[in-house]
Amino acid sequence: MGAECNCNCQADSSKKIDELLSQYRGNPNGLIVVLAAIQQDNGYLPKDLMIRVAEELNVPLTDVYGVATFYTAFTLRPRGRNSINLCLGTACYVKGAPEVHDAIEKELKIKAGDTTEDRRFTFDVVRCLGACGIAPVMTVNGEVHPRMTAEKVSEVLSKYE
Amino acid sequence: MSITYQDLEEIRSKAKEKLAARLGKDPADEFKYHVLVCGGTGCHSSGCQAVADTMEKALNDEGLANSTKLIQTGCMGACQLGPVVMVYPGAYHYCNVQPEDIADIVNDHLKNDKFVERLCYRNGKGELQATMPEMDFFKKQHKIALRNCGLVDPVSLDEYVGMDGFAALSKALKEMKPQQVIDEVKNSGLRGRGGAGFPTGVKWQFMADQEADQKYVICNGDEGDPGAFMDNAVLTGDPYSVIEAMTLCGYATGASKGYAYIRLEYPLAIQNFKKALEVCREKGLLGEKILDSDFSFDIEIREGAGAFVCGEETALMASTEGKRGEPRPRPPFPAVSGLFGKPSNINNVETWANICPIVLKGADWYSGIGVGKSKGTKVFALAGMIANSGLVEVPMGTKLRDVVEEIGGGIPDGKKFKAAQTGGPSGGCIPAEHFDTSLDYENLASLGSIVGSGGLIITDEDTCMVDLAKFYLGFTQDESCGKCTPCRIGTKRMLEILNRISKGLGRDGDIELLEELAYMIKQSALCGLGQTSPNPILSTLKYYRDEYEAHIKDKTCPAGVCKIRGAKKATS
Amino acid sequence: MATVTLTIDNQKVEVEQGTTILEAAKNAGIEIPTLCYMKDINAIGACRICVVEVEGARALQAACVAPVGEGMVVKTNSELVRKSRKMTLELILSDHPQECLTCLRNTNCELQALSEAFGLREVRFTRGAAKSATADDIDDSAPSIVRDPRKCVLCRRCVAVCEKVQGVKAIGPINRGFETVIAPAFDQNLIDVNCAMCGQCSLVCPTGAITEKDDTEKVWAALNDANKEVVVQTAPATRVAIAEEFGQDPGTISTGKMVAALRRLGFNKIFDTDFSADLTIMEEGTELIQRVTQGGTLPMITSCSPGWIKYIEHYYPDLLPHLSTCKSPQQMLGALIKDYYPKNAGIAPENIYSVSIMPCTAKKFEAQRDEMNDSGYQDVDVVLTTRELARMCRNAGIDWDTLPEENYDDPLGMSTGAAVIFGATGGVMEAAVRTAYELITKEEMPDINLTPVRGMEGIKEATLKVGDLDVKVAVAHTLGNARKLLDLIREGKADHHFIEVMCCPGGCIGGGGQPIPTNLDVRLARIAGTYQADEELPIRKSHENPAITDIYEKYLGQPLGELSHKLLHTHYVPRGVYRKPEGLPDGGSEH
Ligand SMILES: Cc1cc2nc3c(=O)[nH]c(=O)nc-3n(C[C@H](O)[C@H](O)[C@H](O)COP(=O)(O)O)c2cc1C
Ligand code: SF4
Ligand code: SF4
Ligand code: SF4
Ligand code: SF4
Ligand code: SF4
Ligand code: SF4
Ligand code: SF4
Ligand code: FES
Ligand code: FES
Ligand code: FES
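Reference entry: report on the structure contained in this document. Here the structure is a predicted model, which is why all the values come from computation and not from measurement.

**Digging into the overall build of chain B**
Next up, step 1: A count of helical and extended segments in chain B gives 22 helices and 17 strands.
Next up, step 2: What you see for chain B is a C-alpha radius of gyration of 24 Å, in line with the 25 Å of a compact globule of 572 residues.
Next up, step 3: Its C-alpha atoms give chain B principal-axis dimensions of roughly 75 × 60 × 40 Å.
Next up, step 4: Counting only residues that meet the buried cut, chain B has 65% of its 572 residues in that class.
Next up, step 5: Accessible surface for chain B amounts to roughly 19,500 Å². Of this, 49% is attributable to carbon and sulfur atoms.
Next up, step 6: Positive and negative side-chain charges in chain B, numbering 65 and 76 respectively, have mean positions lying 5 Å apart.

Structure (structure tokens):
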């Protein structure tokens, strides 16, 4: 789990987040629901908003952070412009996803879970997208690339700026 | 506005007419053809949206929109062949359809009543199997849980009702006492499809027997087994069947609130389930006084946030409460103290999908399917080195060979079947010598594997079993919640040993150390994730110990998968 | 209550339904080893050290959480059980630095003891094995406690205490799986978060993963410096606990031996924080009377527990005006040691090195606060916990058993029974009432034992007739209980005049710097020792302490007088829970 972003920008909350925060005011049960909305809105969990969640839901900040670092859907750093998810579920694994994995790491010069320095790509590994029939599966920004091979990596990625 | 029993029956009889074309009868309305484009996750991924859009445009352009009904369904099963388009009457199954193929379907089939042969399926022997009933993939299947998947518009209440939807609920509310509903489920012999195979009716009884001001019904839609996607198919393709079943359970056990926990990675499932919930609320099929009865029930969705362990029931409940998804010791069992400390009944999506037919058609009908103590059907997610992968629903007791060779069309490229991995990361493998084994709870357990959630991964001679075990262990190690020692540290150490073995750096005694560690973790971990994590190792060691030894002693990977520096050429 | 009969290791045992196998075995005289379990506080079944074999069960069961069942057959010592426990321990050690010889918890570590008891002789996983934490993760940012995640076994006892007892949860599990660590949010340093510095986590930690910050070297250096006059004070609660470090029973009163030990270590003057406890009563009692008669902020709340002070500064900055402006006894005496004492003894204050021996890790933090230099110097240079003093004694080869009983030095060594009971929850209240009653009514109190405020109940209340006035008081120990009273105050529902709050369970006798183990039984024994010490003293009321009368006559003038105000009172800093509160004045005093 990487450290959170340390710049001093203030992340503004959207109206949706404000509404959720008031819906769950004082109710710790809403923690994941609210964090998920923030993640979706911002692409990551800004520290400032996490503190607000702690205050408004009445959850210790330790718990907010504990939950944020438990679930892989939450990230503490802004993500790249393009988000690559490579499936390493069983079906994809036995059909050659590991080679695709290595090819992406080599192409982008980052490890899975990281973002390229120019913030062009974030590369994550997922476990089964429910599309095992067309394994190995890779998605970029939700766009699906079925039957991936190591050779196709470079060409597919070149389409995303 | 809440609909009544009467209204429901009216909807049903109208809907049945409209569905006639798809049910093998003559079309009873203005639509001569029903064109179904699969919108399941697999086909979605292979580009079905463009196919559907092109089809819609073509129908409009050709003036066929009034005589051809176009709908997008959930998964039809043969995802490998996607995008799939089906044309009724006749259930013509077009495979790998691209937007440019639409013109042919429209011109030949819809205008001239001639099916497009080149888009139809041919089996390994090259025989044409143009319609679904003809296809090997579907012939041996028996669809109960998947009865509506791929056949109806998932979010259309009318179509669901037309397929006898909400008939079970209305029957129960009108004619059955809660205990009768439980008895029906008990007598059907249905066992939980989430992995453990616990008798569903017995579980419902536990909860019904609890006195409490509030009880909960939970749908476990976390489907974490990497390689299983039947729950996704049901949630996406037939969400009402889960809603109706949960409501029935609420009625039977005295619960007024349900939660459906659906994993985040299934956006389509979440979307369709949400939509179905809205429709049900609008029609009074959820909410206060359902169908004008005295029974009230509602369901809330909780989205997972990316943690396999949240499929474990106590972790799922912690997660629903907004906490870290860490399992806790049982007892107390959820039926006594579950979500928010209240009695809760949790079932798997596929389990839910079996409930309504059981209540409607009776326990005897259901228990007549299957073998021994494994009743009914089971959906397997067939994948890996197999010609036709996809979702396969077969009666319990079907032979593995039949599933692989007949339904799955065998191993491609003339390769040999090596093993089937069942039950995902908690399961084990079935080697070629047990190819004729029957797929049921007791039998798989006796072979050291499990039915589990129904993942069925086929491997061929090019698969390295050490590598496969390493894959599963890497998964569980990654997904361990970290609460208890044996799993947190033990899976890490097992993986380290496997890693060195697969790099050709294995040491003497590593196999014994692995075995000892695996056995102890099974015995001592807190939850099922840790307890079952050694299974892939133990089962591959049981059948393929020689492969491990080859890696350690000869520094070779017999399948040629593991990258061993300076390895001798594989001898086999 | 229904009972259940079961068989444990071939013995028939009858216990109440709902009992755990662990408790049932204990009834049968069988000690099942545990690591993560802490009665009533942490029953999470996480470490898997306590596993037992239950006939018919699919896997081993964790005895600490598994309830007994009728007819159950349990084996606590089978081959399988022993092997499993040993493997679990081996796994823990494979992710643990084997540094016992240089570890603060050497010879008093539960992990070490288990390792010895299980006869573990080899860890087969160490070569090339990954570690979940490294030396970079050590957090020694705080003056009070040090966290060394490398030694953490993730038993979560600290988390449970911090959350359930203190209601703070400054630390908790973060990350997942093998990467899990116990740390503050955002991996911040402890000094930067809302930790009260109470050290309760260090008391319950079975290993050296959370310890007091060891300051003994600083004190050795001062003792070795010929130019320094090293003056020491000892808190009320250390005297009933330190003997445990030398194998004696909890609650053994060893005031005289402790003084003798300090003298042998080379301290130049040995004063008693009990003296300033008496002084606190005079100041605080007067302040209370003033607030009641002149309409000040009520209820007034005690301020002698620095863990409590830091907590209220973080969580209830709006309620700071309720705090008494009195410094803690340690800081009162600290100011006198660098102001009054050098003037009296003709020593340059800059040559004085002021040490306190405290049951408390929070006092290490308190001594460093900016406010605590009213003498013109840092009033207290170093705070040592009871554990650290014992460590110095062992280092110096002091034989506790043969030590004589010696007396404190004058002029700051004289005290009363009222001061001794400061160490136990309710003690400050009882001491204050003993004095306030007599100052207000000018009559002798009929019974000076205020039993309703004694004991381990979380919140104790009493109403006392003092002259015409019905005085309503409340006593809370632990921050979790304090919070309940604070919420009442915030809602305007607290009609008390005076509230005592102590941060630690049982008060300072259960402080975070006390000998380990400190559990409920040990706390009760120390409380008993405390009241026994009170009974044994000739003077039991603060205002009757002749040294107190003396210092007011000769130096301070009167309670709340100008000099008292300067040396003995303080003000507080609103901190906020996660960020600095805006628009709140500094609480408490005008200073
Ligand atoms: C690690 C772990 C993961 C699990 N994942 C799932 C899952 O994804 N879906 C599911 O239905 N059950 C899962 N289970 C099983 C559930 O704990 C529970 O037994 C099940 O939901 C009960 O429903 P059933 O009786 O209908 O099978 C999992 C169990 C474990 C130990
Ligand atoms: S939260 Fe991160 S991105 Fe946002 S302002 Fe702060 S540092 Fe920048
Ligand atoms: S077995 Fe693994 S997943 Fe389950 S509680 Fe233990 S650490 Fe967590
Ligand atoms: S914590 Fe215990 S086991 Fe670990 S190094 Fe210290 S004394 Fe040894
Ligand atoms: S216990 Fe063993 S390792 Fe430790 S100091 Fe003694 S001899 Fe050395
Ligand atoms: S010192 Fe007290 S407040 Fe701080 S972490 Fe430890 S228990 Fe919590
Ligand atoms: S720091 Fe100590 S008490 Fe806390 S979890 Fe780690 S070992 Fe347990
Ligand atoms: S109660 Fe005593 S030991 Fe605990 S923080 Fe307060 S002063 Fe320190
Ligand atoms: S394993 Fe990759 S999509 Fe299922
Ligand atoms: S998703 Fe279309 S057939 Fe499975
Ligand atoms: S003491 Fe029972 S599991 Fe830790």
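So much for the structure itself; the text now carries on.
**Here we look at the overall build of chain A**
Next up, step 1: When helices and strands are counted, chain A shows 7 helices and 4 strands.
Next up, step 2: Along the chain direction, N to C, the helices and strands of chain A fall in the order α-α-α-α-β-α-α-β-β-β-α.
Next up, step 3: The buried share of chain A, reckoned over its 161 residues, is 55%.
Next up, step 4: Residue pairs in contact within chain A that sit at least 24 positions apart in sequence constitute 61% of those at least 6 positions apart.
Next up, step 5: For chain A, the computed accessible surface area is about 7,000 Å², with 46% contributed by carbon and sulfur atoms.
Next up, step 6: The average position of the 18 basic charges and that of the 21 acidic charges among the side chains of chain A differ by 4 Å.

**Quick look at the interface of chain A and chain C**
Next up, step 1: Of the residues lining the interface, 20 residues belong to chain A; the matching set on chain C comes to 17 residues.
Next up, step 2: The contact between chain A and chain C buries some 1,600 Å² in all, and 60% of this surface belongs to carbon and sulfur atoms.
Next up, step 3: Interface area lost by chain A to chain C is led by Leu61(A), Thr62(A) and Tyr65(A), which between them contribute 36%.
Next up, step 4: Across the chain A-chain C interface, the total number found is 3 salt bridges.
Next up, step 5: One salt bridge connects Arg579(C) with Glu55(A), and the closest N-O pair in it is separated by 3.0 Å.
Next up, step 6: Counting every contact that joins chain A to chain C gives 7 residue pairs in polar contact (both at pLDDT 80 or more).
Next up, step 7: Elements that contribute at least two residues to the side of chain A that touches chain C include exactly α3 (47-57) and α4 (61-68) of chain A.

**Side note on the nonpolar core**
Next up, step 1: In this structure, Phe166(B), Phe273(B) and Trp352(B) are the most contacted members of the largest nonpolar core, which totals 163 residues.
Next up, step 2: Counting residues per element, this core draws most heavily on helix α11 (residues 239-253) of chain B, which supplies 9 residues.
Next up, step 3: Setting aside residues no more than four positions away along its own chain, Phe273(B) makes contact with Leu235(B), Pro239(B), Val242(B), Ile243(B), Ala260(B), Ile262(B), Ile299(B) and Ile301(B).
Next up, step 4: Within the second largest apolar cluster, 88 residues are counted, among which are Ile51(A), Tyr216(B), Met317(B) and Cys481(B).

**Overview of the site of ligand 7**
Next up, step 1: In the region of ligand 7, the neighbouring residues are Cys152(C), Val153(C), Leu154(C), Cys155(C), Arg156(C), Cys158(C), Ile182(C), Cys205(C), Pro206(C), Thr207(C), Ala209(C) and Ile210(C).
Next up, step 2: Each residue belonging to the shell around ligand 7 can be placed in one class, and the counts come to 10 nonpolar, 1 polar and 1 charged.

**Remarks on the sheet that holds strand β3 (residues 85-88) of chain B**
Each strand in a sheet pairs with another by means of backbone hydrogen bonds, the pair being arranged parallel or else antiparallel.
Residues and elements named next belong to chain B.
Next up, step 1: Pairing is mixed across the open sheet formed by 4 strands, whose spatial order is β2-β1-β3-β4. Edge positions in the open sheet fall to β2 (68-73) and β4 (92-94), since each of these has one partner strand only. For this sheet, the mean inter-axis angle between neighbouring strands, taken without regard to orientation, is 20 degrees.
Next up, step 2: Sheet topology note: the β3/β4 ladder contains 3 bridges and is antiparallel.

**What to know about the interface of chain A and chain B**
Next up, step 1: In this complex, chain A contributes 33 residues to the contact, which on the side of chain B involves 45 residues.
Next up, step 2: Together chain A and chain B conceal approximately 3,100 Å² of surface at their shared face, both sides included; 60% is due to carbon and sulfur atoms.
Next up, step 3: When the buried surface of chain A facing chain B is broken down by residue, Phe70(A), Thr90(A) and Arg127(A) rank first, second and third, together holding 23% of it.
Next up, step 4: At the boundary of chain A and chain B, one finds 0 salt bridges.
Next up, step 5: At the junction of chain A and chain B, the tally comes to 10 residue pairs in polar contact (both at pLDDT 80 or more).
Next up, step 6: Element by element, the count of residues in the side of chain A that touches chain B is highest for helix α5 (residues 90-94) of chain A, at 4 residues.

**Structural notes on unusual backbone geometry**
Next up, step 1: The peptide bond linking Gly82(B) to Pro83(B) adopts the cis configuration, its omega dihedral lying at -5 degrees.
Next up, step 2: In this model, Tyr88(B) is joined to Pro89(B) through a cis peptide bond whose omega is -5 degrees.
Next up, step 3: Relative to the helices and strands, Pro89(B) resides in the loop between β3 and β4.
Next up, step 4: Backbone geometry at Asn141(A) places phi at a positive 50 degrees, although glycine is not the residue there.
Next up, step 5: With respect to the secondary-structure elements, Asn141(A) resides in the loop between β3 (138-140) and β4 (143-145).
Next up, step 6: One non-glycine residue with positive phi stands out, namely Phe340(B), at about 50 degrees.

**Quick word on the sheet that holds strand β2 (residues 11-16) of chain C**
All names here are of chain C.
Next up, step 1: Reading across the sheet, the 5 strands line up as β2-β1-β5-β3-β4 and stay open at both edges, with mixed pairing between neighbours. Because the sheet does not close on itself, it has two edges, and the strands there are β2 and β4 (61-62).
Next up, step 2: By the bridge criterion, 2 bridges tie strand β3 (residues 51-54) to strand β5 (residues 73-75) in an arrangement that is antiparallel. Opposite Glu 53, over in β5, you have Lys 75 as the bridge partner.
Next up, step 3: Sitting on the sheet, helix α2 (residues 79-94) is in contact with β3 and β5, with an inclination near 155 degrees to β3.

**Re the packing of aromatic side chains**
Next up, step 1: Inspection of every chain in the model, using the stated rule, returns 24 aromatic pairs over all chains.
Next up, step 2: Seen in terms of ring centroids, Tyr92(B) and Phe115(B) are 5.0 Å apart; in terms of plane orientation they differ by 25 degrees. Their pairing is stacked. Of the two residues, Tyr92(B) is situated in strand β4 and Phe115(B) in the loop between α4 (102-112) and β5 (121-122); the sequence distance between them amounts to 23 residues.
Next up, step 3: Ring-pair connections join several aromatic residues into one group, and the members of that group are Phe70(A), Tyr71(A) and Phe74(A).

**Quick word on the pattern of salt bridges**
Next up, step 1: In total, this model carries 90 salt bridges over all chains according to the counting rule given.
Next up, step 2: In this structure, Glu321(B) and Lys323(B) form a salt bridge, with 2.8 Å as the shortest nitrogen-oxygen distance.
Next up, step 3: Glu321(B) sits in the buried class, given a relative accessible area of 11%.
Next up, step 4: The class of Lys323(B) is partly exposed, set by a relative accessible area of 43%.
Next up, step 5: Arg391(C) is the partner of Glu212(C) in a salt bridge, and the nearest nitrogen-oxygen pair spans 2.5 Å. With Glu212(C) in strand β9 (residues 210-212) and Arg391(C) in helix α13 (residues 386-395), this residue pair connects regions lying 179 residues apart in the sequence.
Next up, step 6: We classify Glu212(C) as buried; its relative accessible area is 3%.
Next up, step 7: Through salt bridges with shared partners, a single network forms among Glu430(C), Arg434(C), Arg454(C), Asp534(C) and Arg540(C).

Cut-offs used in this document
Residues numbered from 1 in each chain as written. Chains lettered and ligands numbered in written order. Predicted model: local features only at pLDDT ≥ 70, side-chain atom pairs only at ≥ 80, totals over all residues. Heavy atoms only, no water. Helix = DSSP H or I, 4+ residues; strand = E, 2+ residues; numbered from the N terminus. Rg over C-alpha atoms; globule rule 2.2 N^0.38 Å. Buried < 20%, exposed > 50% of the residue type's maximum accessible area, 1.4 Å probe, protein only. Areas by Shrake-Rupley, 256 points an atom, 1.4 Å probe, with all protein chains shown as cover. Lys, Arg positive; Asp, Glu negative; His and termini not counted. Charge placed at Lys NZ, Arg CZ, Asp CG, Glu CD. Contact = heavy atoms within 4.5 Å. Buried area = accessible area lost by both parts, 1.4 Å probe. Salt bridge = Lys/Arg side-chain N within 4 Å of Asp/Glu carboxyl O. Polar contact = N/O pair within 3.5 Å; in protein donor to acceptor, adjacent residues only side chain to side chain. Core = buried A, V, L, I, M, F, W, Y, C linked by side-chain atoms within 4.5 Å. Near = heavy atom within 4 Å. Nonpolar A, V, L, I, M, F, W, Y, C, P; charged D, E, K, R; others polar. Pairing = 2+ DSSP bridges. Axes fitted to C-alpha atoms, helices over the stretch in contact; angles between N-to-C directions. Phe/Tyr/Trp six-rings, centres within 6.5 Å; stacked < 30°, edge-to-face > 60°.

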